[in-house]
Each structure stands twice: as C-alpha cells, then as structure tokens.
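Residue-level structural notes
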Amino acid sequence: MERTLAPPERRVARVSGVERLGAYHVIGTEDPGGPQPQPGQFYMLSSEHGWGGQAGERPYLPRACSYARARASDEGVALDFLLEAIGPGTGRLSGLAAGDGLALVGPLGIGFDRGAAEGRALLVGGGIGAAPLLCLEEELMRDGEEPRVLLGFRTAAHAQAGALFTDPVVVTDDGSVGRQALVTELLREELDADPGARVFACGPPPMLEAVRALCAQREVPADLALESGMACGFGACFGCVVPTREGYLRLCVDGPVLDAARLESALFPGAGH
Ligand SMILES: Cc1cc2nc3c(=O)[nH]c(=O)nc-3n(C[C@H](O)[C@H](O)[C@H](O)COP(=O)(O)OP(=O)(O)OC[C@H]3O[C@@H](n4cnc5c(N)ncnc54)[C@H](O)[C@@H]3O)c2cc1C
Ligand code: FES
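One structure accompanies this document, and this report is about it. Everything numeric in this text was worked out from a predicted model, so none of it was measured.

Turning next to the overall build of the chain. Scanning the chain for helices and strands turns up six helices and 15 strands. For 273 residues, the compact-globule estimate of 2.2 N^0.38 gives 19 Å, and the chain sits close to it at 18 Å. Over its C-alpha atoms, taken along the principal directions, the chain stretches across nearly 55 × 40 × 35 Å. Counting every position in the chain, which comprises 273 residues, the buried fraction comes to 49%. Sequence-distant contacts in the chain: of pairs separated by 6 or more residues, those separated by 24 or more amount to 63%. Counting only carbon and sulfur atoms, one obtains 50% of the accessible surface of the chain, whose full area is about 12,000 Å².

Shown next as structure tokens:
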C-alpha cells in the first residue's frame, strides 16, 4: 500500500480560520510546502505558542489528528481538520485563531486502500470519526464512484458535521436528527440490500468492533481507521502498538487504517474514549 511520506521536520503553518460546527471545530490552515496527503493519513498537531505549562510553554506532546479536507494551494496544501475539544490538547487547538501558528508533522501513517476490493463503497462514521471519511468521500466521487455515507452522532449538535458530506444518512443516539439508531444498524440494512459492498469505517472502538464483526460474518471487505494513544506519530516510541493476528503493530506507521481481516478485535485494552 502506497503512502505519502512526511518531510522529516516540524513545520509551522498559519491558521487561516477556525469555525464552530455544532459540537466540533473546523481548523483551516496552509501547510507550507507540505505534500498532498491521502485519505486516512494524519498529522501530529500542536500550537506554536501556549502549548503547555506556561514558563517554557511546550511540555505537552502533540496530538494526532486526521485531516478532513485537503486542496492544492499556492503555499503548498490547504488543510482542514475537524476537532472535538475533549481535553487540553484538542481544547487549545480548537481555541486557535486566524494568523496563529499551528505546528504540524505529517502526513503520517497509511490511509484507506481504495483499490483493495470491488463493490460500492459504504463509508461508516461515528462522531469525530467522520473526519477522515470526508476526504475519502471527495476522492471517491472525484474518481466517479458513488459512495454511500452512513453517519452516527450523539446529539443534534454533533450531527451538524453531517452537513459537510454530500447526501449522508445521519442517525443520532437521542433521535434529535434522523432515526434514533446506531450507525451499525444502518450498515446492517445496507449490507442486507447490497452484500457486495466494501466498507470504510472510523469511529469509537465499540462501533469499529461492531463493524468488524458484522463484516467478518458476511465476508465483506472492510478498512478500519483505528485509534490508539500516540506520543510521536512516526514509529519511535512504540506507544501506539495494537494486537493483530500478525502480532503487535505500531498503529502510527502500519496504520492507522488496517484491513479488518488482520484483527481479532477492534477493541484494544487501554485505548478508546
Ligand atoms: C490517528 C488518529 C487520528 C485522530 N484524528 C482526530 C480528529 O480528526 N479529530 C479529533 O478531534 N481527534 C482525533 N484523534 C483523537 C485525538 O488525538 C485525541 O482525542 C487527543 O489526543 C486528545 O487530546 P486532549 O489533550 O484534548 O485530551 P486528553 O486529556 O489527552 O484525553 C481526553 C480523554 O481521551 C482519552 N484519549 C486521548 N487520546 C486518545 C487516543 N488517541 N485514543 C484513545 N483515547 C484517547 C484520554 O485517555 C482521556 O480520557 C485522532 C487520534 C488518532 C490516533
Ligand atoms: S506513536 Fe510512537 S511509535 Fe507510534
């Protein structure tokens, strides 16, 4: 599987704007001289200033973030990140403003393998897991495919991210937008109607495990964009290892997207939130 390799450096990009989108934030930036990433790849992000415990201001580790959209620009590549502020790192990044410096390393990892299987693409996202599916949808459509996008969110505020997609089917946990259902129920219905589909999924570990089990049962090919705690993002710390049928893999270099057939389970001890 081909990947775009990251330049061996930490670049400081300028934030072009930050928009509130319901429960999320969209951070736009111009990556100076950075290469075009591939859907499912990610960046390690931190703010240029104010990243940590005051005096030195840079004691925190960067945070892994999938890119949601990318466009070639005069500067290099214009990137959008979709962020959910759940703690100090994502909170600080969501609080950036136009003109602020965003330090990034990337693009990193291996993304979705679009050519690995035949069949209509079903994109299945849970919550902030919608982020890497947005650029995947765009690329599939650009290649003449008609992907079906299934998204599940907790509430109407989270479901606003659905507006970024072309004609998605959206369900919520509380029934405030679309049916009150889990996105895996939608997936089951879609696979009943089209057993020859192929699946690309990203979301919380229990959702991904349900997708993996459903696809395994029906012998449907599935690419899962997984998460684990990442300290470096480029293979040095071994902090992101996950168990697979082939032994432990570093999710930052061998993933974060893995063929579901390589996994016994998408629920890893100690990972997920
Ligand atoms: C490849 C990859 C792509 C990602 N893409 C996005 C994205 O597009 N948008 C986005 O908002 N977030 C994304 N994340 C998740 C994001 O990196 C974490 O939520 C972030 O590191 C949290 O940092 P924090 O300081 O805000 O919160 P913390 O205080 O560090 O974490 C808050 C809670 O989340 C748990 N947690 C933190 N990081 C992780 C993790 N990586 N896996 C499991 N649990 C964790 C902690 O245990 C804690 O309970 C991605 C993660 C990975 C590995
Ligand atoms: S995050 Fe350091 S090896 Fe993967």
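Here the narrative resumes.
We now examine the sheet that holds strand S12 (residues 222-225). Pairing is mixed across the open sheet formed by six strands, whose spatial order is S10-S9-S8-S11-S12-S15. Either end of the sheet is taken by a strand with one partner, and the two such strands are strand S10 (169-172) and strand S15 (257-259). The sheet shows a mean angle of 15° between the axes of neighbouring strands, taken without regard to direction. Judged from the five bridges that link them, strand S8 (residues 121-126) and strand S11 (residues 198-202) form a sheet pairing that is parallel. Bridge assignment links Val124 to a residue of S11, and that residue is Ala201. Helix H2 (residues 131-142) rests against S8, strand S9 (148-153) and S11 of the sheet, and its axis sits at about 160° to S8.

The buried fraction of S8 is high, at six of six residues. Along S8, one buried face is formed by Ala121, Leu123 and Gly125 and the opposite face, lined by Leu122, Val124 and Gly126, is buried too. By the bridge criterion, five bridges tie S8 to S9 in an arrangement that is parallel. Bridging across to S9, Leu123 finds its partner in Val149. For the crossover from S8 across H2 to S9, the handedness is right-handed.

It is worth spelling out the sheet that holds strand S5 (residues 69-72) at this point. Sheet architecture is open: seven strands sit in the order S4-S3-S7-S1-S2-S6-S5, paired in antiparallel fashion. Of all strands in the sheet, those bounded by a partner on one side alone are strand S4 (63-66) and S5. The mean inter-strand angle of the sheet, taken between neighbouring strand axes irrespective of direction, is 35°. Pairing analysis gives eight bridges linking strand S2 (residues 24-32) to strand S6 (residues 76-83), with the strands arranged antiparallel. Bridge pairing links Pro32 to Gly76 in S6. Of the strands in this sheet, S4, S5 and S6 touch H2, which is tilted by about 45° from S5.

Turning next to the nonpolar core. In terms of nonpolar packing, the biggest core is built from 37 residues, with Val124, Leu187, Val199, Val211, Leu224 and Leu226 touching the most fellow members. Elements with a contribution of two residues or more to this core: strand S3 (42-47), strand S7 (101-108), S8, helix H4 (183-193), S11, helix H5 (205-218), S12 and helix H6 (251-254). Broken down by element, the residue count for this core peaks at five residues, all from H5. Look past the residues within four positions of Val211 in its chain and what remains in contact with it is Val124, Thr184, Leu187, Val199, Ala201 and Leu224. Listed in part, the 25 residues of the second largest apolar core include Ala131, Leu136, Phe153 and Val170.

Attention now moves to the environment of Arg179. Secondary-structure assignment places Arg179 in the loop between S10 and H4. Measuring from C-alpha to C-alpha, the distance between Arg179 and Arg212 comes to 23 Å, with 33 residues separating the pair along the chain. The contacts of Arg179, once residues within four sequence positions are left out, are Val170, Val171, Thr172, Glu185, Leu186 and Glu189.

Rules and cut-offs
- Residues numbered from 1 in each chain as written.
- Chains lettered and ligands numbered in written order.
- Predicted model: local features only at pLDDT ≥ 70, side-chain atom pairs only at ≥ 80, totals over all residues.
- Heavy atoms only, no water.
- Helix = DSSP H or I, 4+ residues; strand = E, 2+ residues; numbered from the N terminus.
- Rg over C-alpha atoms; globule rule 2.2 N^0.38 Å.
- Buried < 20%, exposed > 50% of the residue type's maximum accessible area, 1.4 Å probe, protein only.
- Contact = heavy atoms within 4.5 Å.
- Areas by Shrake-Rupley, 256 points an atom, 1.4 Å probe, with all protein chains shown as cover.
- Pairing = 2+ DSSP bridges.
- Axes fitted to C-alpha atoms, helices over the stretch in contact; angles between N-to-C directions.
- Right-handed = clockwise from strand over helix to strand, strands pointing away.
- Core = buried A, V, L, I, M, F, W, Y, C linked by side-chain atoms within 4.5 Å.

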